[in-house]
Amino acid sequence: MGEEKTPICEEGGGGLLLPLSEAEVRWAKPARGVIYLLMLLYMFMAVNIAAEFFMAAIERITSKKRRIQNAKTGRYVTVLVWNDTIANLTLMALGSSAPEILLSVIETMSNKFYSGELGPGTIVGSAAFNILVIVAVCVYSIPSPEIRKIDQMAVYHVTVLF
C-alpha cells in the first residue's frame with residue numbers, strides 16, 4: 001500500500017488550513033479543540049450573515065412585479081416576473097448542492113487540481129439524493145386521499161435532466 005500520512009493534529013502533519021503554525025502542534029489537544037471549535041462557530045456566523053444577505057436578495061428578485069395589459073379586455077393586471085416553481089426549485093438546488101460543490105472545489109485545489117477521494121462522486125451522489133430521496137419524502141408526506149400534480153412538467157424535466 002501507499003505510505004501512511006501523519007495525522008493533521010500530530011507534529012509533521014498538516015492540512016489545507018490547519019495547523020496555523022508549527023508551534024500549534026505542541027499545544028495541548030483540548031486547548032486546540034476549543035480554539036478550533038471557536039473558529040468553526042465564527043465561520044458558521046459568517047455563513048449565516050452571508051445567507052441572510054443572499055435570502056434578502058433572492059426575495060427582492062423573486063417578488064418583482066410587472067404591469068401588463070390584457071390583450072382581450074384592455075385592462076392592466078399585475079403579474080410576478082418570476083415563476084414561484086422555478087424560484088423554489090432553484091433555491092432548493094442551490095441550497096442542497098452548494099456545500100458539496102464547494103467541498104469538491106476545495107479538495108481539487110488542495111490536490112494541485114487533481115480529483116481527490118471525494119471528487120465528482122460527491123456531486124453526483126448529492127444530485128441522486130436530491131432527485132430520489134427528497135422527491136420520495138415529498139410524495140410520502142402527502143396525506144392518503146389527497147393527490148398533487150406538478151403544474152409545469154417542463155420545469156420538472158429540466159431539473160431532473162440537469
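Provided above is the structure to which this section pertains.
Criteria and thresholds
- Residues numbered from 1 in each chain as written.
- Predicted model: local features only at pLDDT ≥ 70, side-chain atom pairs only at ≥ 80, totals over all residues.
- Heavy atoms only, no water.
- Helix = DSSP H or I, 4+ residues; strand = E, 2+ residues; numbered from the N terminus.
- Rg over C-alpha atoms; globule rule 2.2 N^0.38 Å.
- Buried < 20%, exposed > 50% of the residue type's maximum accessible area, 1.4 Å probe, protein only.
- Contact = heavy atoms within 4.5 Å.
- Areas by Shrake-Rupley, 256 points an atom, 1.4 Å probe, with all protein chains shown as cover.
- Lys, Arg positive; Asp, Glu negative; His and termini not counted.
- Charge placed at Lys NZ, Arg CZ, Asp CG, Glu CD.
- Pairing = 2+ DSSP bridges.
- Salt bridge = Lys/Arg side-chain N within 4 Å of Asp/Glu carboxyl O.
- 1 Å grid on protein atoms, 1.4 Å probe; cavity = no way out; pocket = protein on both sides within 12 Å on 5 of 7 lines; lining within 4 Å.
- Points joined across faces, edges and corners; volume = space filled by probe spheres on them.
- Nonpolar A, V, L, I, M, F, W, Y, C, P; charged D, E, K, R; others polar.

*Asks:* Before we go on, may I ask you to explain the overall build of the protein in this structure?
*Replies:* Scanning the protein for helices and strands turns up four helices and two strands. In the protein, the order of α-helices and β-strands from amino to carboxyl end is α-β-β-α-α-α. The C-alpha atoms of the protein give 24 Å as radius of gyration, which overshoots the globular expectation for 162 residues (15 Å, by more than 25%). Projected onto the principal axes, the alpha-carbon positions of the protein cover approximately 80 × 35 × 35 Å. The buried share of the protein, reckoned over its 162 residues, is 9%. Within the protein, counting contacts between residues at least 6 apart in sequence, those at least 24 apart form 23% of the total. Element-wise, carbon and sulfur atoms account for 67% of the exposed surface of the protein, whose accessible area totals about 13600 Å². Side-chain charges in the protein split into 14 positive and 14 negative, and the spacing between the mean points of these groups amounts to 19 Å.

*Asks:* Quick question: what am I supposed to make of the pairing of strand β2 (residues 76-80) here?
*Replies:* Strand residues, when the strand is regular, have side chains that alternate between the two faces of the sheet. The sheet contact formed by strand β1 (residues 65-69) and β2 spans five bridges and is antiparallel. Opposite Ile 68, over in β2, you have Val 77 as the bridge partner. The hairpin formed by β1 and β2 contains six residues between the paired strands, and Gly 74 there has a positive phi angle of roughly 80°.

*Asks:* What is the right way to read the side chain of Glu 24 from this model?
*Replies:* Looking at where Glu 24 falls in the secondary structure, it is placed in the segment before α1 (29-62). Arg 32 is the oppositely charged side chain nearest to the buried, salt-bridge-free Glu 24, at an N-O distance of 5.6 Å.

*Asks:* Please explain the layout of surface pockets as it appears in this structure.
*Replies:* If a probe the size of a water molecule is rolled over the atoms, the empty space left behind becomes visible. Put simply, the largest pocket is a space of about 1000 Å³. Taken together, 27 residues form the lining of the largest pocket, with Leu 89, Met 92, Val 135, Ile 150 and Tyr 156 sitting closest to its centre. No other element matches helix α2 (residues 84-110), which puts eight residues into the lining of the largest pocket. Of the residues in the lining of the largest pocket, the class split is 16 nonpolar, eight polar and three charged. Here the second largest pocket is characterised by a volume of approximately 760 Å³. If you trace the second largest pocket, you find 24 residues lining it, with Leu 16, Leu 103, Ile 106, Glu 107 and Ser 110 closest to the centre. The element contributing the most residues to the lining of the second largest pocket is α2, with 10 residues. Broken down by class, the residue content of the lining of the second largest pocket amounts to 12 nonpolar, nine polar and three charged.

*Asks:* I would appreciate a short explanation of the side chain of Glu 107 in the present structure.
*Replies:* As for its placement among the helices and strands, Glu 107 is situated in helix α2. Accessibility expressed as a relative area gives 12% for Glu 107, which makes it buried. Those residues in contact with Glu 107 that lie beyond four places of it in its chain are Gly 116, Glu 117, Leu 118 and Gly 119.

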